[in-house]
Amino acid sequence: MEIISLTQDKSKMNASFIIKKIDPTIANTLRRMIIEEVPTMAIEDVEIMKNNSVLYDEIIAHRLGLLPLTTDLKSYVVKSECKCEGKGCARCTLQMTLKSKNGMVYASDFKSKDPKVVPAYPKTPIVKLLKGQEIELVATAELGKGKDHIKWAPCMVWYKYKPIINITQANIKDPEAVVKVCPKGVLEVRSGKLEINQKKLMLCNLCAACADEAPNSIKLNEKDDEFVFYIESFGQLKAKEIIVTALDMLKKELSVFEEALNTMK
Amino acid sequence: MMIPVRCFSCGKPIAQHWEEYKERAENGESRKEILDSLGITRFCCRAMFLGHVDLIDTAAKFKKF
């Protein structure tokens, strides 16, 4: 297995990389572990003391649930695996309060007891209050997993086969026509020859329009063991943290499986 | 009513960009350029902005049951 890091943006929230010499099963396992098993914080229970805004309690609670909260994985454990046996304690839950009287209520108005767990995007509007309207609530955030609800999923993650385009020049009659047919502009003509524009190669989505245009001279992806992964964090965790935690969780799952096998007769 | 916190299709949080988007759109900037500069690349998220109508001020005039 070989891993090549492609890009990471300044915020370290988005990343992409290539993994070589794995099969689709492993690629998909990694994707599913990231979406389903990486724990993050999200608001689960909302106790509303006062709300005479335009929005119903349920709508506000739903909006709060979807807010991404910055997550500190070291100081919290998943509620169902906690020593408190799912009752909720300081190790698995966190109380946050929101109290506001006028204007737009933003996610930044939340008062959290833990400075490490706050809304990832402070400018998110929650509800607009008119004169005389007020809102007061206590929200309980907890560590959860994406398999229970998508609000606990840490990121968008997707992969594709790494585009490999093999061009044999022999019988391409009209290179310009092949260039025109590519929707992503991956191909170009250089001194009468059909070439790949290396800067744009990663945009190729293997639609095979070029191979249809020149069936005997262009071949796409004869190997299927190289994958390009893309990770776009929702804001709770950094891209690197997400991958590392996903691999830890996979290791844990496999050891549970191994134990189960050992008890079998 | 209010802009949804996340994109309906892909789940990306988008609501934090709404006020900037609204202000810039009112100043006559092209919507394509605003969305490009906000980093909203997928058409599902872009549609959330293009199709949204802020109705909370209108709805606030009526009584809630």
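## Let's talk about the overall build of chain A
Summing up its helical and strand segments, chain A has five helices and 14 strands in all. Viewed in the frame of its principal axes, chain A has a C-alpha envelope of about 75 × 65 × 30 Å. Within chain A, buried positions represent 43% of all 265 residues. For chain A, the computed accessible surface area is about 14,900 Å², with 53% contributed by carbon and sulfur atoms. Each charge class in chain A can be summarised by its mean position, and for the 40 positive and 35 negative side chains these summaries are 5 Å apart.

## A word on the nonpolar core
Most often, soluble globular proteins have nonpolar side chains that are buried together. Residue and element names in this part refer to chain A. With 30 residues, the main nonpolar core has Phe110, Ile126 and Val127 as its most contacted residues. Those elements giving two or more residues to this core turn out to be strand 3 (40-51), helix 2 (57-66), strand 4 (93-100), strand 7 (125-129) and strand 8 (135-144). For this core, the leading source of residues is strand 8, giving five residues. One finds Met33, Ala153, Leu237 and Ala239 within the second-largest nonpolar core, a separate group that totals 22 residues.

## Here's the deal with the state of the cysteines
Residue and element names in this part refer to chain A. Following the criterion strictly, the structure yields zero disulfides over all chains and no others. The thiol of Cys92 is unpaired, and the distance to the nearest cysteine sulfur, on Cys84, comes to 3.7 Å. Cysteine Cys204 remains unbridged, with the sulfur of Cys182 as its closest cysteine sulfur at 6.4 Å.

## Things to note about the interface of chain A and chain B
Chain A puts 25 residues into the contact, and the matching count from chain B is 20 residues. On the chain A side of the interface with chain B, the three residues burying the most area are Val54, Arg63 and Phe234 of chain A, jointly 24% of the side's total. For the pair chain A and chain B, the interface holds three salt bridges. Here Arg42 of chain B ties to Glu232 of chain A by a salt bridge, and the two come within 2.8 Å at their closest N and O atoms. Where chain A meets chain B, there are six residue pairs in polar contact (both at pLDDT 80 or more). For the side of chain A that touches chain B, the elements supplying multiple residues, two or more each, are helix 2, strand 5 (103-106), strand 7 and strand 9 (155-161) of chain A. Top contributing element to the side of chain A that touches chain B by residue count: strand 7 of chain A, with four residues. The residue makeup of the side of chain A that touches chain B, split by class, is 16 nonpolar, four polar and five charged.

## Examining the packing of helix 1 (residues 24-37) of chain A against helix 5 (residues 239-263) of chain A
Residue and element names in this part refer to chain A. The N-to-C vectors of helix 1 and helix 5 enclose an angle of 100°; their axes lie 9 Å apart at closest approach. On the basis of their axis angle, the class for helix 1 and helix 5 is roughly perpendicular. Here Thr29, Leu30, Met33, Ile34 and Glu37 of helix 1 come into contact with helix 5, specifically with Ile242, Ala246, Leu247, Met249, Leu250 and Glu253. Its residues assigned to classes, the contact of helix 1 with helix 5 comprises eight nonpolar, one polar and two charged.

Conventions and cut-offs
Residue positions within a chain follow its written sequence, with the count starting from 1. Labels follow written order: the first chain is A, the first ligand is 1, and so on. Per-residue local features of the predicted model are confined to residues with pLDDT of at least 70, and side-chain atom pairs are confined, for both listing and counting, to 80 or more; whole-chain, interface and lining totals are unaffected and use all residues. Each side-chain value is derived from all of the structure's non-hydrogen atoms; neither hydrogens nor water enter the calculation. Helix and strand assignments come from DSSP, with helices taken as H or I runs of at least 4 residues and strands as E runs of at least 2, each series counted from the N terminus. Buried means the residue's accessible area, taken with a 1.4 Å probe over protein chains only, is under 20% of the maximum for its type, while exposed means over 50%, and partly exposed covers the values in between. For the accessible areas, the method is Shrake-Rupley and the probe is 1.4 Å, while residue cover comes only from the protein chains on display. In this count, Lys and Arg are taken as positive residues and Asp and Glu as negative ones, while His and the chain termini are left out. Every charge is mapped onto a representative atom, which is NZ of Lys, CZ of Arg, CG of Asp or CD of Glu. The set of buried Ala, Val, Leu, Ile, Met, Phe, Trp, Tyr and Cys residues whose side-chain atoms join them within 4.5 Å is what this entry labels a nonpolar core. Note on terminology: pairs of cysteine sulfur atoms within 2.5 Å are recorded as disulfides. Note on contacts: a residue pair is in contact if any heavy atoms of the two residues lie within 4.5 Å. The term buried area denotes the loss of accessible surface (1.4 Å probe radius) that occurs when two parts are joined, taken as the sum for both partners. By convention in these notes, a salt bridge is any Lys or Arg side-chain nitrogen within 4 Å of a carboxyl oxygen on Asp or Glu. Here a polar contact is recorded for every N or O atom pair within 3.5 Å, except that within protein the pair must consist of a potential hydrogen donor and a potential acceptor, and residues adjacent in sequence are included only if both atoms are side-chain atoms. Three classes are used, and their members are as follows: Ala, Val, Leu, Ile, Met, Phe, Trp, Tyr, Cys and Pro are nonpolar, Asp, Glu, Lys and Arg are charged, and the others, Gly among them, are polar. An axis is simply a line fitted to the C-alpha atoms; with a helix, the fit covers only the stretch in contact. Between two such axes, the angle follows the N-to-C directions and lies from 0 to 180 degrees. Convention used here: angles under 35 degrees read as roughly parallel, angles over 145 as roughly antiparallel, angles from 65 to 115 as roughly perpendicular, and any remaining angle as oblique.

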